[in-house]
Amino acid sequence: MRRLAAAVAGATVLASALLTAPPAAAYPPTPPDESTARANLAQLTVAPDGSMDGYDREKFPHWSPQDGNCNTRETVLVRDGTDVVVDNACEPTSGSWYSVYDGVWVGDDSDVHIDHVVPLAEAWRTGARDWSESRREAFANDLGSQQLIAVSGSSNTSKGDKAPEDWKPENTGYWCMYARSWINVKHTYDLTVSDAEVTALEEMLDAC
């Protein structure tokens, strides 16, 4: 009986460990440093934004399946949150998330948005309209770059599909990281930038 009880207790602890994510070790992967970001920005093609004709978010399949029962959104919620507990379907049942855009804590995952740092519509008008659907899906679910981050719903709604010349994080202390992240995503996917966008990015890099 003691062995059985110990086995049950061990299984319970193991199940709990599997469903409880540790405190967030990091937000998205760290982008290249300021000097590299400036060099990469200089390499981007400067051109006016293209047309939005034909754009549809569904042309960027997102929240694709990831490890286990988790999709991309749930994976980012676990990665970016603190003390996140998920159920068997990978849906968070508790946890908290610090929104770097506006410097607030969010305690309900339904109030957390997963931001595409370079918005899907922005990508469309700067080159993604010519991509295959599989490349657009990879872009919309990219966990290997800085493209996805958990933020407050209010900050993400405020941002919409705006580029840096029209929207910057309210938290000015995040400007350096935001500019470096934006540039790296655009550089990775060979997206164009406008003159006004370059000026705004350089302004944010000056905060580094």
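Residues numbered from 1 in each chain as written. Predicted model: local features only at pLDDT ≥ 70, side-chain atom pairs only at ≥ 80, totals over all residues. Heavy atoms only, no water.

A. Structural view of the packing of helix 2 (residues 34-43) against helix 7 (residues 175-188). Put simply, helix 2 and helix 7 touch, their axes get as near as 9 Å, and they point 45° apart. Between helix 2 and helix 7, the angle is such that the two are oblique. Note on packing geometry: the crossing formed by helix 2 with helix 7 is left-handed. Contact residues: Glu 34, Ala 37, Asn 40, Leu 41 and Gln 43 in helix 2; Arg 180, Ile 183, Asn 184 and His 187 in helix 7. (Axes fitted to C-alpha atoms, helices over the stretch in contact; angles between N-to-C directions. Helix = DSSP H or I, 4+ residues; strand = E, 2+ residues; numbered from the N terminus. Parallel < 35°, antiparallel > 145°, perpendicular 65-115°, else oblique. Left-handed = near helix turned anticlockwise from the far one by under 90°. Contact = heavy atoms within 4.5 Å.)

B. Quick look at the layout of surface pockets. Size it by volume and the largest pocket reaches roughly 180 Å³. Lining the largest pocket are 14 residues, and of these Arg 57, Asp 115, His 116, Asn 156 and Gly 160 sit closest to its centre. The set of elements that each furnish at least two residues to the lining of the largest pocket consists of strand 4 (112-116), helix 4 (120-125) and helix 6 (153-159). Residue composition of the lining of the largest pocket, by class: 6 nonpolar, 4 polar and 4 charged. (1 Å grid on protein atoms, 1.4 Å probe; cavity = no way out; pocket = protein on both sides within 12 Å on 5 of 7 lines; lining within 4 Å. Points joined across faces, edges and corners; volume = space filled by probe spheres on them. Nonpolar A, V, L, I, M, F, W, Y, C, P; charged D, E, K, R; others polar.)

C. Molecular detail of the pairing of strand 4. The element strand 4 is extensively covered by neighbouring structure, given that 4 of its 5 residues are classed as buried. Pairing of strand 4 with strand 5 (residues 148-152), which is carried by 5 bridges, proceeds in the antiparallel orientation. For His 116, the partnering residue across the bridge sits in strand 5 and is Leu 148. (Buried < 20%, exposed > 50% of the residue type's maximum accessible area, 1.4 Å probe, protein only. Pairing = 2+ DSSP bridges.)

D. Expanded view of the sheet that holds strand 1 (residues 81-86). One open sheet holds the 3 strands; their spatial order is 1-2-3, and the pairing between them is antiparallel. At either margin of the open sheet sits one strand with a lone partner, and together these are strand 1 and strand 3 (104-106). The mean inter-strand angle of the sheet, taken between neighbouring strand axes irrespective of direction, is 15°. In this structure, strand 1 lies alongside strand 2 (residues 92-99), joined through 4 bridges in antiparallel fashion. If you follow Val 86 over to strand 2, its bridge partner there is Pro 92. Strands in contact with helix 3 (residues 72-80) are strand 1 and strand 2; relative to strand 1, the strand with the most contacts, it is inclined by about 130°.

E. Main features of the nonpolar core. Ranked by internal contacts, the top residues of the largest apolar core, which has 33 residues, are Phe 60, Tyr 101, Phe 139 and Tyr 178. Elements that contribute at least two residues to this core include exactly helix 2, helix 4, helix 5 (133-140), strand 5, helix 7 and helix 8 (195-205). Considering each element in turn, this core owes the most residues, 6 residues, to helix 7. Not counting residues within four places of it along the chain, the set of residues in contact with Tyr 178 comprises Tyr 101, Val 117, Lys 159, Trp 167, Pro 169 and Met 204. (Core = buried A, V, L, I, M, F, W, Y, C linked by side-chain atoms within 4.5 Å.)

F. Inspection of the confidence of the model for the chain at higher detail. Per-residue confidence for the chain gives a mean pLDDT of 90; residues scoring 70 or more make up 88%. This stretch, residues 1-26, has a pLDDT under 50; its non-local contacts, to residues over four places away or in other chains, come to 21 contacts. (pLDDT = per-residue confidence, 0-100.)

G. Focus on the state of the cysteines. On inspection of all chains with the given rule, the structure shows 2 disulfides. Residue Cys 70 pairs covalently with Cys 90 via a disulfide, S to S 1.9 Å. Judged by the torsion about the S-S bond (75°), the Cys 70/Cys 90 disulfide is right-handed. Here Cys 70 is found in the loop between helix 2 and helix 3, whereas its partner Cys 90 is found in the loop between strand 1 and strand 2, with 20 residues between them in sequence. The class of Cys 70 is buried, set by a relative accessible area of 18%. With its sulfur 2.0 Å from that of its partner, Cys 176 forms a disulfide with Cys 208. Classification of the bridge connecting Cys 176 and Cys 208 rests on its S-S torsion, roughly 100°, and on that basis the disulfide is right-handed. Taken together, the residues span a long stretch of sequence, with Cys 176 in helix 7 and Cys 208 in the segment after helix 8 at a distance of 32 residues. The buried category is assigned to Cys 176, whose relative accessible area is 13%. (Disulfide = S-S within 2.5 Å.)

H. Representation of the side chain of Arg 125 within the structure. Mapped onto the fold, Arg 125 is located in helix 4. On the basis of relative accessible area, Arg 125 is assigned to the buried category, the value being 12%. Residues within four places of Arg 125 in sequence aside, it is in contact with Asp 49, Gly 50, Ser 51, Met 52 and Asp 161.

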